[in-house]
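Breakdown of the fold
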Amino acid sequence: MKKLTLVTSIAFAFTLAATTVYADYPAVSIDSDIILNYDKEIDLSDSVSIPSVILDEEADVSINQFNHDSPVSATANVIGNTAQGGNDGITDLKVNVTAVGNNASVDIATDTVVGAIQGNQNGGATASGNIVGNRINLGQVKDADGKDVDGLVELNVTAVGNNLTIANAEGDDSEAVVGSLQFNYDSPVTATGNISGNGFGVNPRFRDPKLAVTAVGNNLTSVLGTRGSMTQINRNSAISASGYVNGNRGDIGPVSVDVTAVGNNLSIKAPITK
């Protein structure tokens, strides 16, 4: 396959982006170069240039995702739940909160060319989870298989600006040629988790409250053998994660708190084989 064909695939995505929101969105142009005009010119020359490659069989994928003046938010609150009298209360509590600006997942079964642009401007992603002021007496609960397991208090909060995942179909070893641009402009990514002011009963003792909070600006995961160019930008877009476990009463612990904030992450790895 000639480079011209590859660039054409990428150019289609970027040309569409520029014409769709041309009035007040960063102008995007491609002709071996990409230029984003945003207050000042950001020159990404050759940032999405694709190396020449010959593929016997190919698939072309063009991805174009934008959020403009469109914040993405997810909130979960478990607040002030108490039983009437005695030591009764919540026996098992799991809360998952996820906010994602743009997400694309491509499963490849042949050698594939992917042209992708994902952007947030004047928006961002916010995820918030709060477990506050509850009466919690953890006990035995049944899992999905019907087995008795210990109840837990578990809160997972995740906020992601842009995510692109390219994965091999099971048992396949196809390669990918990728031209990707992910950016957040004036679009903070914020994740906050809070487990506070709860009353934990004494039976059973020492059961974990688990809190995991993750904020990621841009993330790209692809398969081993990927070629191409991948650009990730955060401009005036803070990436922040906060986790709080405070003011709880009773028998608590051990407490597990994992808080992670990542501006840009790129991972290229071999597929998992069984």
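Residues numbered from 1 in each chain as written. Predicted model: local features only at pLDDT ≥ 70, side-chain atom pairs only at ≥ 80, totals over all residues. Heavy atoms only, no water.

Quick look at the sheet that holds strand E8 (residues 125-132)
Strand pairs in the sheet, formed through backbone hydrogen bonds, run parallel or antiparallel to each other. Convention followed: The criterion for strand pairing is that DSSP finds at least two bridges linking the strands in question. Helix and strand definitions here come from DSSP, where helices need a minimum of 4 consecutive H or I residues and strands a minimum of 2 consecutive E residues; each element is numbered from the N-terminal end. For helices, the fitted line uses only the C-alpha atoms of the stretch in contact; every axis is such a line through C-alpha atoms, and the angle between N-to-C directions lies from 0 to 180 degrees.
In spatial order, the strands read E5-E8-E14-E18; together these four strands make up an open sheet with parallel pairing. Whereas interior strands pair on both sides, the edge strands pair on one side only; in this sheet they are strand E5 (72-79) and strand E18 (239-246). Each adjacent strand pair in this sheet contributes to an overall mean axis angle of 0°, direction not counted. Pairing of strand E14 (residues 189-196) with E18, which is carried by eight bridges, proceeds in the parallel orientation. Within the sheet, the bridge partner assigned to Ser196 lies in E18 and is Asn246.

Re the pattern of salt bridges
Using the following cut-off: Take a side-chain nitrogen of Lys or Arg and a carboxyl oxygen of Asp or Glu: if they are within 4 Å of each other, that pair is a salt bridge. The classification of residues rests on relative accessible area computed with a 1.4 Å probe and restricted to protein chains. Under 20% of the type maximum is buried, over 50% is exposed, and intermediate values are partly exposed.
Throughout the structure, instances matching the rule amount to three salt bridges. A salt bridge links Glu175 to Arg227, with the nearest nitrogen and oxygen atoms 3.2 Å apart. Taken together, the residues Glu175 in the loop between strand E12 (153-168) and strand E13 (176-185) and Arg227 in strand E17 (residues 227-235) connect sequence positions 52 residues apart. By relative accessible area, which is 32% here, Glu175 ends up partly exposed. Residue Arg227 is classed as partly exposed on the basis of its relative accessible area of 32%.

Focus: the pairing of E12
Where strand E6 (residues 93-108) meets E12, 15 bridges bridge the pair, whose relative direction is parallel. From the neighbouring strand, Ser105 faces E12, where its bridge partner is Thr165. With 12 bridges joining them, E12 and strand E16 (residues 209-223) adopt parallel strand pairing. Bridged to Glu154 within E16 is Lys210.

Things to note about the environment of Thr214
Topologically, Thr214 is positioned in strand E16. Each C-alpha atom, one on Thr214 and one on Thr158, is 4.8 Å from the other, the two residues being 56 residues apart in sequence.

Let's talk about the nonpolar core
So the rule is basically this: Here, the term nonpolar core denotes a set of buried Ala, Val, Leu, Ile, Met, Phe, Trp, Tyr and Cys residues that are joined through side-chain atoms within 4.5 Å. The contact criterion used is simple: two residues touch if any of their non-hydrogen atoms lie within 4.5 Å.
Ranked by size, the top nonpolar core spans 25 residues in total, and within it Leu93, Val95, Val97, Ile131, Val153 and Leu155 carry the most contacts. Residue assignment for this core shows that the elements contributing at least two residues are E5, E6, E8, E12, E14 and E16. Those residues in contact with Leu155, other than ones at most four positions away along the chain, are Val95, Gly129, Asn130, Ile131, Gly193, Asn194, Ile195, Lys210, Leu211 and Ala212. Within the second largest apolar cluster, 12 residues are counted, among which are Ile63, Ile108, Ala116 and Leu164.

Notes on the sheet that holds E6
In spatial order, the strands read E6-E12-E16-E20; together these four strands make up an open sheet with parallel pairing. The open sheet has two free edges, formed respectively by E6 and strand E20 (256-269), since each of these has just one partner strand. Each strand axis lies, on average, 5° off the axis of its neighbour in the sheet, ignoring direction. Two elements, E16 and E20, share 13 bridges in a ladder whose sense is parallel. Its bridge partner lying in E20, Ser222 is registered against Ile268.

Describing the packing of aromatic side chains
For clarity, the cut-off: For Phe, Tyr and Trp, rings pair up if their centres lie within 6.5 Å, where Trp contributes its six-membered ring, and each pair is then called stacked (planes under 30 degrees apart), edge-to-face (over 60) or tilted (otherwise).
Taken as a whole and assessed by the stated rule, the structure comprises two aromatic pairs. Pairing Phe183 with Tyr185 gives two aromatic rings, centres 4.8 Å apart and planes at 40°, and the pair type is tilted. The two residues Phe183 and Tyr185 agree in class, both being buried. By way of ring pairs, the aromatic residues Phe66, Phe183 and Tyr185 are connected into one cluster.

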